[in-house]
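# Examining the three-dimensional arrangement
Each chain, written out:
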Amino acid sequence: KFVPVDADKAAQDKAIAAGVKETTDVVIIGSGGAGLAAAVSARDAGAKVILLEKEPVPGGNTKLAAGGMNAAETNNSSDSIDWLTSMGADMTDVGRMGGASVNRSHRPTGGAGVGAHVAQVLWDNAVKRGTDIRLNSRVVRIIEDAKGNVTGVLVKGEYTGYYIIKADAVVIAAGGFAKNNDRVARYDPKLKGFKATNHPGAT
């Protein structure tokens, strides 16, 4: 369910007035492929990381991806496959998906869905690196100073309530809003009532 940013405003304002509860180098919003990859990279660079996921289950839309990961012999795409493989991913089944003229779609042996596998590999590596991962933790506001510089986030934990984390950097990897049909239909009325295949948190 979509929750307006100003819901429970009095409690939010109280938490903001209470000040910073925790401090870290990097806060990452979202635990899909982008968020988990950012967490692993930041930890490898020596940063202290808190990753926040509003859902009770990690993986975002990444865990739903069923096809393959396209990569050819260019620096960016092939490096991504090499990076995932170095962390234990099985990307050895290379085939061809729709529209491709050559085999460049990487997935696990036997053609298993790539998304769930990549999400698991990234999760395992984020955990192995000591990432502070918090599920059921919804970021409500990005906190800025008087000059507009981002200084942290206001979080609502399912069991902890509202609190502020001060951070040197905030990475937004929260995906889109395809599961929020009211918002989707606002931009394209023809999609009113359309049933999205995204995960429940894509609001």
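These numbers were taken from a predicted model, which means no experiment stands behind them.

## So, the sheet that holds strand β7 (residues 137-144)
Reading across the sheet, the six strands line up as β6-β2-β1-β9-β8-β7 and stay open at both edges, with mixed pairing between neighbours. Where the open sheet ends on each side, the last strands, each with one partner, are β6 (132-134) and β7. Strand-to-strand twist in this sheet, taken as the mean axis angle between neighbours without regard to direction, amounts to 40°. Here strand β8 (residues 150-157) pairs with strand β9 (residues 161-172) via six bridges, running antiparallel. If you follow G152 over to β9, its bridge partner there is K166. Contacting β1 (20-29), β2 (49-52) and β9, helix α2 (residues 33-44) runs over the sheet at an angle of about 170° to β2.

## Considering a nonpolar patch on the surface
A surface patch of nonpolar side chains, amounting to about 260 Å² of accessible area, comprises I142, V150 and I172. Locating I142 in the fold gives a position in strand β7. Overall, I142 belongs to the partly exposed group, its relative accessible area being 34%.

## Topic: the pattern of salt bridges
For the coordinates displayed, the defined rule picks out eight salt bridges. Linking E22 and R134 is a salt bridge whose minimum nitrogen-to-oxygen distance equals 2.6 Å. Residue E22 is found in strand β1, and its partner R134 is found in strand β6; the two are separated by 112 residues along the sequence. Judged by relative accessible area, E22 falls into the partly exposed class, the value being 23%.

Cut-offs and rules
- Residues numbered from 1 in each chain as written.
- Predicted model: local features only at pLDDT ≥ 70, side-chain atom pairs only at ≥ 80, totals over all residues.
- Heavy atoms only, no water.
- Pairing = 2+ DSSP bridges.
- Helix = DSSP H or I, 4+ residues; strand = E, 2+ residues; numbered from the N terminus.
- Axes fitted to C-alpha atoms, helices over the stretch in contact; angles between N-to-C directions.
- Contact = heavy atoms within 4.5 Å.
- Patch = residues over 30% accessible without salt bridge, like charges linked within 9 Å, V, L, I, M, F, W, Y side chains within 5 Å.
- Areas by Shrake-Rupley, 256 points an atom, 1.4 Å probe, with all protein chains shown as cover.
- Salt bridge = Lys/Arg side-chain N within 4 Å of Asp/Glu carboxyl O.
- Buried < 20%, exposed > 50% of the residue type's maximum accessible area, 1.4 Å probe, protein only.

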